[in-house]
Amino acid sequence: MTANPYSWLEDALTTIHRADWYRSVQTIEGRSGAVVQMAGQAVINFASNDYLGLAGDDRLMQAAIAAIQEYGTGSTGSRLVSGHRDLHEQLERAIADLKQTEAALVFSSGYLANLGTVSALAGKRDLILSDQYNHSSLKQGAVLSGATVLDYAHCDMVQLRQLLEQHRDRHRRCLLLTDSVFSMDGDLCPLPELLALAETFGAMLLVDEAHATGVLGAMGGGCVEHFGCTGRAIVQVGTLSKALGSLGGYVAGSATLIDYLRNRAAGFIYTTGLSPAATAAALAAVAIVQQDPDRRAQLWQNVTQLKQTLSQQLAANIDGDIKLLPSASPILCLQVASPAIVLHLGKALRQAGIFAPAIRPPTVPTSRLRLTLMATHEGEHLQRFTTALSQAMQSGLER
Ligand SMILES: *Cc1c(COP(=O)(O)O)cnc(C)c1O
């Protein structure tokens, strides 16, 4: 008789529990928004990537319903076979317009857009240099490509230059990978410096605008617009699932790049095209991003206000155990000493009607509460958060 070949799963889970790394899903009831229902209780939502509050917006919902009525629910095949609709083309033109690029290509998720693009742009003879804090989809794309992959310390341009000097010549092509807004910290990549290095060393530069599109830049074009780098030779990847309130991903860049990816990106070719509903909702969202800059201004006003209040509040906290990490986005992180403390804070806030997720290793190097702000948060929501945080911090000390 042989041993159960799956028994190691129990052991692995036990290890995860012991490290306070265990994770499970939580149900959100009803429609997305700044306030959502969880377990029958209304909670203020600081956990969503829906920065502009569009995922529950009537205009997106109506666009999705109209698309379902016209085209049905599924796109029924690969975009290259039976899955392509004129909606996809309209969305790709709208994204190219938002990004001020020649062209764009829509994928079925941001994760797939990164896997597909990175693995199509680099191969065995090539070099990929990647920020250590990059999103999982960039890291997995790099592995999938078969290229030599070297990580540089977070935003460390001195180290990146050294790596380029040491290794660039020994490889055919070189690809630099970076998040533009880092998803677990909220800081920005040094885009102008990255571009300068890319040009000096003849490297391609791919930036992941997942948390920046619709959020940064006067027109919502993202970090590239924010830094005044519009029109430069950058491969921009992003998602339709965050500020755009839908589902799916995209790549924006030169017409040649997009034509190449349509023919070579496995994550585009061998998967079903984006559904009509998701496509139409994203299309409606891009129009709102472009036509309603006040929505973005409201988001940034909320960011400024909460940051101010939090820095005052934390400065008064003699304990000094909680630190607001540097951020230039609507992602604000409160770093704490241990997974146990952050779990305690998350639970205490939850009891006070606040949903602010505790993020722990191995997702991030240090435990933190990660808050995301929305344009649709009201002053009272922010106030209730800071009050609940004070109480949660006190109860933490008494424990
Ligand atoms: C969310 C995210 C993705 C993945 O996008 P999905 O559309 O959710 O698959 C990729 N990169 C970054 C930086 C992200 O935050």
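Calculation rules
- Residues numbered from 1 in each chain as written.
- Predicted model: local features only at pLDDT ≥ 70, side-chain atom pairs only at ≥ 80, totals over all residues.
- Heavy atoms only, no water.
- Pairing = 2+ DSSP bridges.
- Helix = DSSP H or I, 4+ residues; strand = E, 2+ residues; numbered from the N terminus.
- Polar contact = N/O pair within 3.5 Å; in protein donor to acceptor, adjacent residues only side chain to side chain.
- Contact = heavy atoms within 4.5 Å.
- 1 Å grid on protein atoms, 1.4 Å probe; cavity = no way out; pocket = protein on both sides within 12 Å on 5 of 7 lines; lining within 4 Å.
- Points joined across faces, edges and corners; volume = space filled by probe spheres on them.
- Nonpolar A, V, L, I, M, F, W, Y, C, P; charged D, E, K, R; others polar.
- Near = heavy atom within 4 Å.
- Areas by Shrake-Rupley, 256 points an atom, 1.4 Å probe, with all protein chains shown as cover.
- Salt bridge = Lys/Arg side-chain N within 4 Å of Asp/Glu carboxyl O.
- Buried < 20%, exposed > 50% of the residue type's maximum accessible area, 1.4 Å probe, protein only.
- Expected span 1.5 Å × (residues − 1).
- Phe/Tyr/Trp six-rings, centres within 6.5 Å; stacked < 30°, edge-to-face > 60°.

Enquirer: It is not clear to me how the sheet that holds strand E10 (residues 323-324) should be interpreted in this structure. Could you clarify?
Expert: The pairing of strands in a sheet happens through backbone hydrogen bonds and is either parallel or antiparallel. Strand order across the open sheet formed by four strands is E10-E11-E14-E13, with antiparallel pairing between neighbours. Each of the sheet's edge strands pairs with one partner strand only, and the pair in question is E10 and strand E13 (358-359). Of the pairings in the sheet, the one linking E13 to strand E14 (residues 368-372) comprises two bridges and is antiparallel in character. In the strand pairing of E14, Ala 358 is matched with Leu 369.

Enquirer: Before we go on, may I ask you to explain the side chain of Ser 180 in this structure?
Expert: When you line up the elements, Ser 180 lands in the loop between strand E6 (174-179) and helix H7 (191-200). Here the side chain of Ser 180 touches Glu 209 through a polar contact of 2.5 Å, side chain to side chain. Discounting chain neighbours no more than four positions away, the residues touching Ser 180 are Asp 187, Leu 188, Cys 189, Asp 208, Glu 209, Ala 212 and Cys 223.

Enquirer: Just to check I follow, could you spell out the layout of surface pockets for this structure?
Expert: If a probe as big as a water molecule is rolled over the atoms, it shows which places are left empty. Of the volumes computed, that of the largest pocket is approximately 1,300 Å³. Contributing to the lining of the largest pocket are 36 residues, with Ser 24, Gln 26, Phe 355, Pro 357 and Ala 358 lying nearest its centre. Listing elements by their share of the lining of the largest pocket, those giving two or more residues are strand E1 (35-38), helix H13 (339-351), strand E12 (354-355) and E13. By residue number, the principal contributor to the lining of the largest pocket is H13, which donates four residues. Considering only residue class, the lining of the largest pocket consists of 15 nonpolar, 14 polar and seven charged.

Enquirer: Can you help me understand the site of the ligand in this one?
Expert: Taken together, 15 residues lie around the ligand, and Gly 110, Asp 208, His 211, Thr 239 and Lys 242 are the ones closest in. Between the ligand and Ser 241 there is a distance of 3.3 Å, counted from an oxygen atom to a side-chain nitrogen or oxygen. Protein contacts shield 86% of the accessible area of the ligand, which totals 380 Å² for the unbound molecule. Here the shell around the ligand gets three residues from one element, more than from any other, and that element is helix H4 (residues 110-121). Of the residues assigned to the shell around the ligand, the class counts are two nonpolar, 10 polar and three charged.

Enquirer: Mind showing me how you'd approach the pattern of salt bridges here?
Expert: Opposite charge on two side chains permits them to pair, given that their charged atoms come into close proximity. Applying the stated criterion across every chain yields a total of 12 salt bridges. The salt bridge partner of Lys 99 is Glu 209, with a shortest N-O separation of 3.6 Å. Of the two residues, Lys 99 is situated in helix H3 (residues 86-99) and Glu 209 in the loop between strand E7 (204-208) and helix H8 (223-226); the sequence distance between them amounts to 110 residues. Lys 99 gets classed as buried once you look at its relative accessible area, which sits at 3%. Of the residues examined, Glu 209 reaches a relative accessible area of 0% and is grouped as buried. The residue Arg 232 makes a salt bridge to Glu 199 at a minimum N-O spacing of 3.1 Å. In this pair, Arg 232 is assigned in the loop between H8 and strand E8 (235-239) and Glu 199 in helix H7, connecting sequence segments 33 residues apart.

Enquirer: What am I meant to see in H3 here?
Expert: An α-helical segment advances 3.6 residues per turn. Residues three or four places apart therefore align on the same side. With 14 residues, H3 should reach 20 Å at 1.5 Å per residue; the first-to-last C-alpha distance of 20 Å fits that figure. Listed in full, the buried residues belonging to H3 are Leu 87, His 88, Leu 91, Glu 92, Ala 94, Ile 95, Ala 96, Leu 98 and Lys 99. Of the residues trailing H3, Gln 100 is marked for its positive phi of about 55 degrees.

Enquirer: Quick question: what am I supposed to make of the pairing of strand E3 (residues 103-107) here?
Expert: Along any regular strand, the residues point their side chains to alternate faces of the sheet. The element E3 is largely enclosed, with a buried count of five among its five residues. Residues Ala 103, Leu 105 and Phe 107 of E3 are buried on one face, and the alternating residues Ala 104 and Val 106, pointing to the opposite face, are buried as well. With five bridges joining them, E3 and strand E9 (residues 249-253) adopt antiparallel strand pairing. Bridged to Leu 105 within E9 is Val 251.

Enquirer: I would appreciate a short explanation of the packing of aromatic side chains in the present structure.
Expert: Aromatic ring pairs are reported here in terms of the distance separating the ring centres and the angle at which the planes meet. Within the structure shown, the criterion is met by two aromatic pairs. Both rings, one in Phe 46 and one in Phe 385, keep their centres 5.3 Å apart while their planes meet at 55 degrees; by these two values the pair is tilted. With Phe 46 in the loop between strand E2 (41-45) and helix H2 (58-71) and Phe 385 in helix H14 (residues 379-398), this pair connects stretches of sequence that are 339 residues apart. Of the residues examined, Phe 46 reaches a relative accessible area of 0% and is grouped as buried. Residue classification places Phe 385 among the buried residues on the basis of a relative accessible area of 0%. Ring plane angle 65 degrees and centroid distance 5.7 Å describe the contact between Phe 107 and Phe 268, whose orientation is recorded as edge-to-face. Within this pair, whereas Phe 107 is found in strand E3, its partner Phe 268 is found in helix H10 (residues 266-269), the two being separated by 161 residues in sequence. Residue Phe 107 shares its accessibility class with Phe 268, and that shared class is buried.

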